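# Geometric and topological summary
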Amino acid sequence: MKMTLNELPIGKEAIITEVGGEGVLRYRLLDMGLIPKTKVTVTKVAPMGDPIELRVRGYTLTIRIEDAQKIKVIEGAKI
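In what follows, the accompanying structure is described. (Residues numbered from 1 in each chain as written. Predicted model: local features only at pLDDT ≥ 70, side-chain atom pairs only at ≥ 80, totals over all residues. Heavy atoms only, no water.)

This part is about the overall build of the chain. When its secondary structure is counted, the chain shows two helices and six strands. Going residue by residue from the N terminus, the α and β elements of the chain occur as β-β-α-β-β-β-α-β. Whereas a compact globule of 79 residues would reach a radius of gyration of roughly 12 Å, the chain reaches 11 Å, a difference of no more than 12%. Looking at the chain as a whole, 35% of its 79 residues qualify as buried. Considering only contacts within the chain whose residues lie at least 6 apart along the sequence, 59% involve residues at least 24 apart. (Helix = DSSP H or I, 4+ residues; strand = E, 2+ residues; numbered from the N terminus. Rg over C-alpha atoms; globule rule 2.2 N^0.38 Å. Buried < 20%, exposed > 50% of the residue type's maximum accessible area, 1.4 Å probe, protein only. Contact = heavy atoms within 4.5 Å.)

This is the structure in structure tokens:
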């Protein structure tokens, strides 16, 4: 099922299909390891809903919901 990263339920794994954004923001997301064909899991969500904590490439990453909305994923897909 296609969705954006912020819509992925806690504990579910997905594959990144597209990284949006423009300019510096897009390069920052890519530099953090959020690149297409990468597995990502949402591990926690802050009490007020922002930011979210991810597990990607063997490390923990925290990003804002606004940035997560720019990353498209497919839940449960195989690489």
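More follows now that the structure is in view.
Burial of strand β4 (residues 52-56) is one-sided: the residues Ile52, Leu54 and Val56 facing one way are buried, the residues Glu53 and Arg55 facing the other way are not. Relative to β4, strand β3 (residues 39-45) runs antiparallel, the two sharing five bridges. Bridge pairing in β4 places Val45 opposite Ile52. Hairpin connection between β3 and β4: a loop of six residues separates the two successive antiparallel strands, and Gly49 in this loop has a positive phi of roughly 95 degrees. Inspection of the sheet shows β4 paired to strand β5 (residues 59-63) by five bridges, in the antiparallel sense. Residue pairing in the sheet places Glu53 in a bridge with Thr62 of β5. Between β4 and β5, which follow one another and run antiparallel, lie two residues, and Arg57 among them has a positive phi close to 55 degrees. (Pairing = 2+ DSSP bridges.)

General note: in soluble globular proteins, nonpolar side chains tend to be found buried as a group. Among the nonpolar cores identified, the biggest contains 21 residues, and Leu5, Leu34, Leu54, Ile63, Ile71 and Val73 are the most heavily contacted of them. Where this core is concerned, the elements lending two or more residues are β2 (13-19), α1 (23-31), β3, β4, β5, α2 (65-68) and β6 (71-75). The residues contacting Ile63, other than those within four sequence positions of it, are Leu5, Met32, Leu34, Asp50, Pro51, Ile52, Leu54, Ala68 and Ile71. (Core = buried A, V, L, I, M, F, W, Y, C linked by side-chain atoms within 4.5 Å.)

Here we take up the sheet that holds β3. Spatially, β1-β6-β2-β3-β4-β5 is the arrangement adopted by the six strands of the open sheet, whose pairing is antiparallel. The sheet is open, and its two borders are formed by β1 (2-4) and β5, each paired with just one other strand. This sheet shows a mean twist of 40 degrees between the axes of neighbouring strands, independent of strand direction. (Axes fitted to C-alpha atoms, helices over the stretch in contact; angles between N-to-C directions.)

Okay, the pairing of β2 next. Strand residues, when the strand is regular, have side chains that alternate between the two faces of the sheet. Both β2 and β3 contribute to a ladder of three bridges, which runs antiparallel. In the sheet register, Ala14 faces β3, and the bridge partner there is Val40.

As far as function goes, none of this settles anything; it's purely spatial.
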